[in-house]
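Survey of secondary and tertiary structure
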Amino acid sequence: MPTFKKIGKKGQEKWTVVFDLPGHTVRKQKRLSGFDTKQEANLEYVSFVANYKPEEIQITTNSDDELLFENAANRYLMNAMREMKESSFITIKIKFTKYILPHFKGSKIPTIGANNILEFYKFVERLKMAFATKEYIQKLLNTFFNYLIGINLIKINPCKKVPMIKNREIKKDIQIWTTEEFKTFINSVDRILYKVLFSFLFLTGCRKGEALALTWKDIVGNIVKIRKTLFHHSLKNDYKITTPKSIYSNRDILMPNDLQVLLCELKEYYREFDLFSEDNFIFGNLKPLNSTLVRDAMRRYCKKSKIKIIRVHDLRHSHASLLISLGSDILTVARRLGHADVKMTLNRYAHLMPNKQLEIVNKLDNII
């Protein structure tokens, strides 16, 4: 875990961060310094770790032991830790160690064939979880064996011979609030912090992590600059500021006047505290709000307002629905949401688009 400190002469202090270098069996530390704010130090730390590759990775297994599934798994996870964002790596590690590793532990990699994979798929199919999670676990196992091919441990991926589980779930509609439902909800919110946060999410379509990572410096007039996101580390109960979900998530979002007024009210509220700074988080001040607290607050105010309970992320879907209902084209919606391409937006929200067939047919009738 990184350690942040302010060092230097009074009035000229700079932030420094000290942390352990990943991927080494012997502890090695690195210091980065000279930052004006803690957020800048944290961003540089995250970037450094994400791109860091140790000169050598020491594998403690011998040529026979490395064929054991658990040893190959450790090697794969070590590689994933170096190559991925921490949030992605933690998801992989949890799923791999909870579902895949116990099933294959003790097996030799070359002995795992199609029948073993099929048996595992049947086990996954019986699990009481969403199909998307089951599919993720299957793809993770497939990726693991592809990795083993890449390091010349095997020549054939046994997953290729087994069909994946079919989705037998009935697709659920996206949960959204109408403008009227949101107004009823927000009128029940009696804390300025949550009132502004939920309004911000509904009126900008930001992801929760993007909003929680914002500082006051990220607001310029009526523009909010999305350049980072917040990741809450569920295993360590702390947080990190990291790069957004993708390069397309970097965007500038224009805000309506009413939202700017609310943000000003929140800022004035924070100014009553001695430690207020433009570097502080908009939603949380010295520390960002915890994701669990945000979720619990939303459920609490849903019950208070007697509005149907939706997820915090569904405020993003509600914003997309609002844009479409106001006549926004799909490209504008995609850019405002920070989607990688329009196809992603269409796949998710096409059913909300107005049916233009009647309009087209009427125009065709006028041709002849």
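First things first, this report covers the structure right here in the doc. Remember, predicted model here, so these are calculated numbers, not experimental data.

In an α-helix, one full turn covers 3.6 residues, which means residues spaced three or four apart are oriented alike. Compared with an ideal rise of 1.5 Å per residue, which puts 19 residues at 27 Å, helix α3 (residues 86-104) spans 25 Å between its outermost C-alpha atoms and is within 8% of the ideal. The principal kink in α3, of about 40 degrees, is found at threonine 97. Three or more residues of α3 are buried, namely Phe89, Ile90, Ile92, Phe96, Tyr99, Ile100, Leu101 and Phe104. Glycine 106, located one to two residues past α3, shows a positive phi value of around 95 degrees.

Before going further, it helps to examine the packing of helix α11 (residues 314-325) against helix α12 (residues 330-337). How two helices pack is summed up by the angle between their axes together with the distance between the axes. Two elements in contact, α11 and α12, have axes separated by 10 Å at closest approach and are oriented at 155 degrees. With respect to α12, the axis of α11 lies roughly antiparallel. As for the relative orientation of α11 and α12, their crossing is right-handed in sense. Contacts between α11 and α12 pair Arg316, His319, Ala320, Leu323 and Ile324 from the former with Val333, Arg336 and Leu337 from the latter.

This brings us to the pairing of strand β1 (residues 3-7). Where β1 lies against strand β2 (residues 14-20), 5 bridges are found, and the strand directions are antiparallel. The residue bridging lysine 5 from the neighbouring strand is threonine 16, located in β2. Between β1 and β2, which pair antiparallel and follow one another directly, the connecting turn spans 6 residues, one of which, glycine 8, has a positive phi of 120 degrees.

Two numbers describe how α12 lies on helix α13 (residues 342-349): the axes approach to 9 Å, and their chain directions differ by 100 degrees. Relative to α13, α12 is oriented roughly perpendicular. Every residue of α13 that contacts α12 at Ile330, Leu331, Val333, Ala334 and Leu337 is listed here: Val342, Thr345, Leu346 and Tyr349. Residues that form the contact of α12 with α13 fall into these classes: 8 nonpolar, 1 polar and no charged.

Here we take up the side chain of arginine 316. By the secondary structure assignment, arginine 316 is in helix α11. Although arginine 316 is buried, it forms no salt bridge, and the closest oppositely charged side chain is glutamate 210 at an N-O distance of 4.8 Å. Reaching out from arginine 316, the side chain makes a polar contact with the backbone oxygen of leucine 337 at a distance of 2.8 Å. Once you skip the residues sitting within four places of it in the chain, arginine 316 turns out to touch Gly205, Cys206, Arg207, Arg251, Leu337, His339 and Tyr349.

Calculation notes
- Every chain is numbered independently, its residues counted from 1 as its sequence is written.
- Under the rules for a predicted model, residues below a pLDDT of 70 receive no local features and side-chain atom pairs below 80 are neither given nor counted, while totals for whole chains, interfaces and linings still include all residues.
- Side-chain calculation: all heavy atoms of the structure are included, whereas hydrogens and water are not.
- What counts as a helix is a DSSP run of H or I of at least four residues, what counts as a strand is a run of E of at least two, and both are numbered from the N terminus.
- Multiplying 1.5 Å by the helix residue count minus one yields the expected span of that helix.
- Note that the bend at a residue is defined as the angle between axes fitted to the seven residues ending at it and the seven residues starting at it.
- For the exposure calls, accessible area comes from a 1.4 Å probe over protein chains only, and a residue counts as buried if that area is under 20% of its type's maximum, exposed if over 50%, partly exposed in between.
- For every element, the axis is a line fit to its C-alpha atoms; helices are fit only across the contacting stretch, and the angle between N-to-C directions ranges from 0 to 180 degrees.
- Throughout, the term roughly parallel applies to angles under 35 degrees, roughly antiparallel to angles over 145, roughly perpendicular to angles from 65 to 115, and oblique to all others.
- Crossing handedness: left-handed means the near helix sits turned counterclockwise from the far one by under a right angle, and right-handed means the same turn made clockwise.
- Here, residues are in contact when the closest pair of their heavy atoms is within 4.5 Å.
- We treat two strands as partners when DSSP finds at least two bridges between them.
- Lys, Arg, Asp and Glu make up the charged group, whereas Ala, Val, Leu, Ile, Met, Phe, Trp, Tyr, Cys and Pro make up the nonpolar group; the residues left over, Gly among them, are polar.
- Charge assignment in this entry is limited to Lys and Arg as positive and Asp and Glu as negative, and neither His nor the chain termini are counted.
- Within this document, salt bridges are pairs made up of a side-chain nitrogen of Lys or Arg and a carboxyl oxygen of Asp or Glu, the two lying within 4 Å of each other.
- For the purposes of these results, a polar contact is taken to be a pair of N or O atoms within 3.5 Å, where, inside protein, one atom must be able to donate a hydrogen and its partner to accept one; residues adjacent in sequence count only when each atom of the pair is a side-chain atom.

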